[in-house]
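Chain and residue survey
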Amino acid sequence: MVRNFLLTLSLLLVASLTFAQTSLTGKVSDKDTGEEMIAANIVVSKNGVFIRGETTDIDGNYKIRVDPGTYDMEISYTGYATQKITVVIASAGKLTRVDIQISS
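1. Some thoughts on unusual backbone geometry
With a phi angle near 65°, Ala39 is a residue other than glycine that sits in the positive phi range. Topologically, Ala39 is positioned in the loop between β1 (23-30) and β2 (41-46). Classification of Ala39 by relative accessible area gives partly exposed; the value is 41%. At Asn47, a position not held by glycine, the phi torsion is positive, near 55°. Mapped onto the fold, Asn47 is located in the loop between β2 and β3 (49-55). Classification of Asn47 by relative accessible area gives exposed; the value is 74%.

Listed below in structure tokens is the structure:
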């Protein structure tokens, strides 16, 4: 009985860790110069519904934890054209890398 409980508990823990690691990650940079974009805004939506937003760090990197699924991303930065990326697939337990170059 205790053994079955511990087995079930450990399986649930492994499953939750797998889903917790599903993320969209990458770098936002200037298309012409390659310079990293500090504090660029990234909005993730699914079927037109806002899911999560994030701002890039000092190196232009971002990491957004999401549930597995298909998403759209919108990247904006003052003085630059907003860029939309559609059909970004986040697979369970994996980091999905999406590097983005925006132009002014």
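2. Some details on the environment of Ala81
On the secondary structure map, Ala81 appears in the loop between β5 (69-76) and β6 (83-90). The class for Ala81 is partly exposed, based on a relative accessible area of 45%. Along the backbone, Ala81 and Ser104 are 23 residues apart, and their C-alpha atoms lie at a distance of 5.8 Å. Residue contacts for Ala81: discarding those within four places in its chain leaves Ile75, Ile102 and Ser103.

3. So, the sheet that holds β2
Pairing is antiparallel across the open sheet formed by 4 strands, whose spatial order is β3-β2-β5-β6. The open sheet has two free edges, formed respectively by β3 and β6, since each of these has just one partner strand. Along the sheet, successive strands turn relative to each other by an average axial angle of 25°, direction set aside. As judged from the 6 bridges shared by β2 and β3, these two strands associate in the antiparallel manner. Note on β3: the bridge partner recorded for Asn41 is Thr55.

Rules and cut-offs
- Residues numbered from 1 in each chain as written.
- Predicted model: local features only at pLDDT ≥ 70, side-chain atom pairs only at ≥ 80, totals over all residues.
- Heavy atoms only, no water.
- Helix = DSSP H or I, 4+ residues; strand = E, 2+ residues; numbered from the N terminus.
- Buried < 20%, exposed > 50% of the residue type's maximum accessible area, 1.4 Å probe, protein only.
- Contact = heavy atoms within 4.5 Å.
- Pairing = 2+ DSSP bridges.
- Axes fitted to C-alpha atoms, helices over the stretch in contact; angles between N-to-C directions.

The analysis is restricted to geometry; functional conclusions fall outside its scope.
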